[in-house]
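# Structural characterization, general
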Amino acid sequence: MNAPSPLLSVRDLKVWFDIKPKGAMPWTAPDKLKAVDGVDFDLMPGETLGIVGESGCGKSTLARAIMRMVPSEGGTVLWLGDDLLSLTKNGMRAHRKEMQMIFQDPLASLNPRMTIGQIVAEPLKTHFPNTPASEVKDRVREVLDRVGILPNMINRYPHEFSGGQCQRIGIARALIVKPQLIICDEPVSALDVSIQAQVINLLMDIQEEMGLSLIFIAHDLSVVKHISTRVMVLYLGNVVEISESDQLYRAPGHPYTQALISAVPIPDPKAHAENEVMLLDADLPSPLDPPSGCVFRTRCPLAEPVCAEIKPPLTDRGKGQQVACHVI
Amino acid sequence: MTHVTNVETAEVVKGRSLWQDARVRFFRNKAAVASMIILILVSLFALFGGMLTPWSNEEIDWNLMGDVRTLGGPSFETKHYFGLDPLGRDLFARVVQGTQISLMIGIVGALISVVVGTLYGATAGFIGGRLDNIMMRIVDILMAIPYMFVLILLLVVFGRSIFMLFVGIGLISWLDMARIARGQTLSIKNKEFVEAAIATGVSTPKIIIRHIVPNLLGVVIVYATLLVPSMIMFESFISFLGLGVQEPLTSWGALINEGAGQMRYGTLWMLGFPLFFFLISLFAFFFFGDGLRDALDPKDR
Ligand SMILES: Nc1ncnc2c1ncn2[C@@H]1O[C@H](COP(=O)(O)OP(=O)(O)OP(=O)(O)O)[C@@H](O)[C@H]1O
Ligand code: SF4
Ligand SMILES: [Mg+2]
């Protein structure tokens, strides 16, 4: 049997935003903000890829570029063999039911003027407009029940639910078209800690049941650890490390990952004593003017002259670990 | 999971929409409710006032015609409840007619602005980019034109008709609304529920109609209720200049103009009655709009 082929295969994806400096003349060329600058990764069916990185490093932009919600500057996004970036708008629409998204702010992701029944039914009605009303209703009740929302609540409005419940409704909306991939953009950051665990467990259960792939975005490693098969670390729009989850936590490769891991609270105090917290000094450089060579070099404790010259490529370090660093 | 089976048979719970919440808040506001009652009464007066008097707005009371200044005052005896107008017609019937026309102008102007302005602004704001630029520059240009001047020109060139008045009002009333709707759309379109709809592949017109416009509606309704009185004032001003509705039609502005012209003869009822209706309606519209704003403002929740 062949090795399983990836569900999603992203190559050299770039998203640049035009930023007009304040007070610029209309004819001056805008600055380029490289929010995502050459990202490569594969996602296998049934796998969960965690994406972590500081605020502003381009996680959401990467997700939105894959879904073609922002225009990309270059690269390919192969979805089951089709390059999504070169499809027509209608060609893309056909694929939208196969990938769904869950958002950070649970209440804001539900239209306040629609009932949750209407909200959850929308993707189904969009992609299968001929579904009879009774079947739509049954499907809505079914998914709501699956995510733990009482199906007799379909006529209620979003503001009548708690944050955790709203996020469950968001998950139901994503599930109703039976997608193969759900991109979760910081789905639990806005929730109470006790509810975070419930929502993550729900996602994991559903994933197992339906054989879904997940892309799970978070800004800290502790949340991602629980759910991910592999983890990708982003820094200023660049991938600095992709690694099997266990390996990443056991032996982080990139100096940036090491710094992130040392900041994750570890339950065992002995381990913590050995694991000195590496504080990143210096501020995050502006994505408008990223450092030359290795983007991390302004904050890297190991930086060497070569780091300013050449951008380190992602290279394989065995045990399913890829790191972009000249020194390590 | 026994609760699920119970729930399947349970009644579907009714939700409380934001509109229902707003209604509750609105009815707590006494000034707004009083204004609403006044507006209902004025509308009933416009619709059915004609049935309360034996006189029509056209016939001249020949008995009193020569002595309007002395005998034409309000009187139950002659059944001229509001007296006569300078030509000897029944002022009550004339005020009913003027109320109909003024309200119609206000409401039609507001409706045009709601429909055209909202859709125009929401489309420009949601699609953005060059289209937005072009569409909003058109609005800027139309706004820069001194419309009073253009309207007067239109009325002079094409003749003074109520139709031209509607055309003029229709041309300008939606501009502000388009700007307001666009501004609101810009903030709504970055909300995650719109992103969710885009990600799912909902088509652009459906996103505008289903997700943008209903969330604009609060602001739009408030602005529209405030626009009604300004349209009425606008028409009154034109009529006051003698360019608005023409005989035998009339409006509050035309009646006030007529009454003001007779003031020096001491026939104050000719000014007083139309002015009274004009003022209470304007105040009522403003308080009503204010109440709506407070009720619909989500920040209050
Ligand atoms: N539409 C846009 N126009 C211009 N710049 C943008 C746009 N969207 C994002 N950016 C910029 O791109 C960079 C990456 O933003 P992004 O939202 O992807 O970060 P993020 O990693 O998701 O951060 P967070 O953890 O705060 O959600 C930021 O510098 C941001 O200012
Ligand atoms: S390449 Fe150089 S600067 Fe970049 S992470 Fe490695 S050591 Fe640090
Ligand atoms: Mg983000």
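Computed from a predicted model, the values in this text were never measured in an experiment.

A few words now on the overall build of chain B. From N to C terminus, chain B includes twelve helices and zero strands. Mapped from its N terminus to its C terminus, chain B presents α and β elements in the order α-α-α-α-α-α-α-α-α-α-α-α. Relative to its length of 301 residues, chain B is extended, with a C-alpha radius of gyration of 24 Å against a globular reference of 19 Å. For chain B, the C-alpha atoms occupy an extent of roughly 85 × 50 × 25 Å along the three principal directions. Taking all 301 residues of chain B together, 48% fall into the buried category.

Now for the overall build of chain A. A tally of regular secondary structure across chain A gives eleven helices and twelve strands. Taking 2.2 N^0.38 as the reference for a compact globule, 328 residues should give roughly 20 Å; the C-alpha atoms of chain A span a radius of gyration of 21 Å, in line with that estimate. Across the 328 residues in chain A, those meeting the buried criterion constitute 49%. Intrachain contacts of chain A at a sequence separation of at least 6 include 65% that bridge at least 24 residues. Counting only carbon and sulfur atoms, one obtains 53% of the accessible surface of chain A, whose full area is about 14,800 Å². In chain A, the 32 positive side-chain charges and the 38 negative ones have mean positions that sit 7 Å from each other.

Within the structure, ligand 2 sits among 13 residues, and Cys294, Cys300, Cys307, Cys325 and His326 of chain A are positioned closest to it. By residue class, the composition of the shell around ligand 2 is ten nonpolar, two polar and one charged.

The next point concerns the nonpolar core. Membership of the largest hydrophobic core comes to 68 residues, with the highest contact counts inside it found for Ile212 and Ile232 of chain B. Examining the composition of this core, we find that 16 residues originate from one element, helix α10 (residues 204–240) of chain B, more than from any other. Setting aside chain neighbours within four positions, we find Ile232 of chain B in contact with Ser102, Leu103, Gly106, Trp252, Phe278, Leu282 and Phe285 of chain B. Counting 58 residues, the second largest nonpolar core, distinct from the first, contains Val52, Ile116, Phe216 and Leu221 of chain A.

What follows is about the layout of surface pockets. Roughly 670 Å³ of internal volume is contained in the second largest pocket. Taken together, 21 residues form the lining of the second largest pocket, with Met69 and Lys89 of chain A together with Phe126, Ile198 and Thr204 of chain B sitting closest to its centre. At the level of elements, α2 (89–96) of chain A together with α5 (91–127), α9 (192–200) and α10 of chain B are the ones that each hand at least two residues to the lining of the second largest pocket. Class assignment of the residues belonging to the lining of the second largest pocket gives a composition of eight nonpolar, six polar and seven charged.

With that settled, the discussion passes to the sheet that holds strand β7 (residues 181–185) of chain A. Residues and elements named next belong to chain A. Across the sheet, which stays open at both edges, the eight strands sit in the order β6-β7-β8-β3-β9-β10-β12-β11 with mixed pairing between neighbours. Edge positions in the sheet fall to β6 (99–102) and β11 (315–316), since each of these pairs with one other strand and no more. By the bridge criterion, four bridges tie strand β3 (residues 48–52) to strand β9 (residues 230–235) in an arrangement that is parallel. What sits directly across from Leu49, in β9, is Arg230. Docked against the sheet, helix α5 (residues 163–175) engages β6 and β7, running at close to 175° with respect to β6. Seen against the sheet, helix α6 (residues 193–210) touches β3, β6, β7 and β8 (213–218) and runs at an angle of roughly 160° to β8.

Residues and elements named next belong to chain B. Here helix α6 (residues 129–144) spans 23 Å end to end across 16 residues, near enough to the 22 Å set by a 1.5 Å rise per residue. Considered for burial, the residues of α6 that qualify are Asp132, Met135, Met136 and Val139. The arc that holds every buried residue of α6, seen down its axis, measures 90°, which confines them to one face. Exposed side chains of α6 directed beyond 90 degrees from the buried face belong to Arg130, Ile141 and Ala144. Those residues of α6 that are buried are in contact with α5 and α8 (162–189).

On to the interface of chain B and chain A. Across the boundary between the two partners, chain B contributes 33 residues, which contact 35 residues of chain A. Buried area between chain B and chain A, summed over both chains or domains, comes out near 3,000 Å², and the portion from carbon and sulfur atoms is 55%. A per-residue breakdown of the area chain B buries against chain A is headed by Val13, Glu192 and Thr200 of chain B, which together make up 20% of the total. The salt bridge involving Glu122 of chain A is made with Arg210 of chain B; its shortest N-O contact spans 2.4 Å.

With that out of the way, let us pick up unusual backbone geometry. Residues and elements named next belong to chain A. You will see that Lys178, though not glycine, has its phi angle at about 50°, which is positive. With respect to the helices, strands and loops of the structure, Lys178 is situated in the loop between α5 and β7. Not every positive phi belongs to a glycine, and Lys319 is a case in point at roughly 50°. Counting through the fold element by element, Lys319 comes out in the loop between β11 and β12 (321–323).

Conventions used here
- Residues numbered from 1 in each chain as written.
- Chains lettered and ligands numbered in written order.
- Predicted model: local features only at pLDDT ≥ 70, side-chain atom pairs only at ≥ 80, totals over all residues.
- Heavy atoms only, no water.
- Helix = DSSP H or I, 4+ residues; strand = E, 2+ residues; numbered from the N terminus.
- Rg over C-alpha atoms; globule rule 2.2 N^0.38 Å.
- Buried < 20%, exposed > 50% of the residue type's maximum accessible area, 1.4 Å probe, protein only.
- Contact = heavy atoms within 4.5 Å.
- Areas by Shrake-Rupley, 256 points an atom, 1.4 Å probe, with all protein chains shown as cover.
- Lys, Arg positive; Asp, Glu negative; His and termini not counted.
- Charge placed at Lys NZ, Arg CZ, Asp CG, Glu CD.
- Near = heavy atom within 4 Å.
- Nonpolar A, V, L, I, M, F, W, Y, C, P; charged D, E, K, R; others polar.
- Core = buried A, V, L, I, M, F, W, Y, C linked by side-chain atoms within 4.5 Å.
- 1 Å grid on protein atoms, 1.4 Å probe; cavity = no way out; pocket = protein on both sides within 12 Å on 5 of 7 lines; lining within 4 Å.
- Points joined across faces, edges and corners; volume = space filled by probe spheres on them.
- Pairing = 2+ DSSP bridges.
- Axes fitted to C-alpha atoms, helices over the stretch in contact; angles between N-to-C directions.
- Expected span 1.5 Å × (residues − 1).
- Arc of directions from axis to C-beta.
- Buried area = accessible area lost by both parts, 1.4 Å probe.
- Salt bridge = Lys/Arg side-chain N within 4 Å of Asp/Glu carboxyl O.

Fair warning: the whole summary comes from geometry, so function is off the table for now.
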